[in-house]
Amino acid sequence: MSDSWELYGVQVESRLFLGTSRYPSPAIMEKAIQRSGTNVVTTSLRRQSPASKGGRSIWDRISKLGCHVLPNTAGCHTAREAVTLAQMSREIFETNWIKLEVTGDEYNLQPNPYELLSATEQLLNLNFDVFAYCTDDLVVCQRLNNLGCEVIMPWGSPIGTGKGLINTFALETLRDRLPEAKLLVDAGIGLPSHAAAALELGYDGVLVNTAVATADDPVSMAMAMSRAVEAGRLAYLAGPMAPSDTAHASTPIVGTPFWKAKTRN
């Protein structure tokens, strides 16, 4: 299914973003990326810098796949740290794209909304294309959108938990209230059904890492996630049936012949 879309002026085909950490090996990571059909992969300067010895091997594999690279600011706790790391990432990875992460709590790794908004404003003024990772807080997402952030990435549940979409009401509200924004569910996706559910809500895509990288068979899971995203998107475009509180027969009974008349006692 051809369903291309645009991110900061760049056309992409797949609605699945894939992370590049925690795989059993660089070779398995490479194969999972290929089988997923993704056009966008996320990477961390701190873990996968082309300048480091270990990161060189991973980067060599990523760079030959032809995907758009989305560096992230994972591990930052302040706007200042995030902006500095973003500038370093732009120089090394040669892209204005940045997945902005600013951690506020070490227990559930919840994003810090105050530092996130500050960093977003600074980075947009520095001509970065910001992909903001946040919670499903409506007001925060509205503020990000008002600042000019075109891609907003609320979590489905805390990162790495695999619990899926724990607050579908909040996610639906975001989609309704921000109809023009590009929205991707980032974090918490554990199963292909979670990814499909996000696309069925009208989300533009999902970002998945742990669910694929730590699966018993990451390559097969990457394929499953890809197909789930396509199914969810197609279901959304098809227009799902409206739920009903009462049962409705799928086969009409009007005109159906009855071969046996009712007998009376």
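For the structure, see preceding data.
What you are looking at is a predicted structure, and each value in this text was computed from that prediction instead of being measured.

What about the pairing of strand 3 (residues 16-19)?
Every second residue of strand 3 is oriented toward a common face, with Leu-16 and Leu-18 on one face and Phe-17 and Gly-19 on the other, all of them buried. Two elements, strand 3 and strand 10 (residues 205-208), share 3 bridges in a ladder whose sense is parallel. Considered in strand 10, the bridge of Leu-18 is made with Val-208. Pairing geometry for strand 3 and strand 4 (residues 40-44), over 3 bridges, is parallel. When the sheet's bridge partners are listed, Phe-17 is paired in strand 4 with Val-40.

Digging into the pairing of strand 6 (residues 97-100)
In strand 6, alternate side chains face the same way, and those of Trp-97 and Lys-99 on one face and Ile-98 and Leu-100 on the other are all buried. In this sheet, strand 7 (residues 129-134) lies alongside strand 6 in parallel orientation, the contact comprising 4 bridges. Counterpart to Trp-97 in the pairing with strand 7 is Asp-129.

A look at the pattern of salt bridges
Counted under the stated rule, the structure contains 6 salt bridges. Measuring nitrogen to oxygen at the nearest pair gives 2.9 Å for the salt bridge that ties Lys-99 to Asp-186. Residue Lys-99 is located in strand 6, and its partner Asp-186 is located in strand 9 (residues 182-186); the two are separated by 87 residues in the primary sequence. Across this residue pair, the class does not change: Lys-99 and Asp-186 are buried. One salt-bridge network, held together by shared partners, links Arg-15, Arg-175 and Asp-204.

Reading the values: rules and limits
- Residues numbered from 1 in each chain as written.
- Predicted model: local features only at pLDDT ≥ 70, side-chain atom pairs only at ≥ 80, totals over all residues.
- Heavy atoms only, no water.
- Buried < 20%, exposed > 50% of the residue type's maximum accessible area, 1.4 Å probe, protein only.
- Helix = DSSP H or I, 4+ residues; strand = E, 2+ residues; numbered from the N terminus.
- Pairing = 2+ DSSP bridges.
- Salt bridge = Lys/Arg side-chain N within 4 Å of Asp/Glu carboxyl O.

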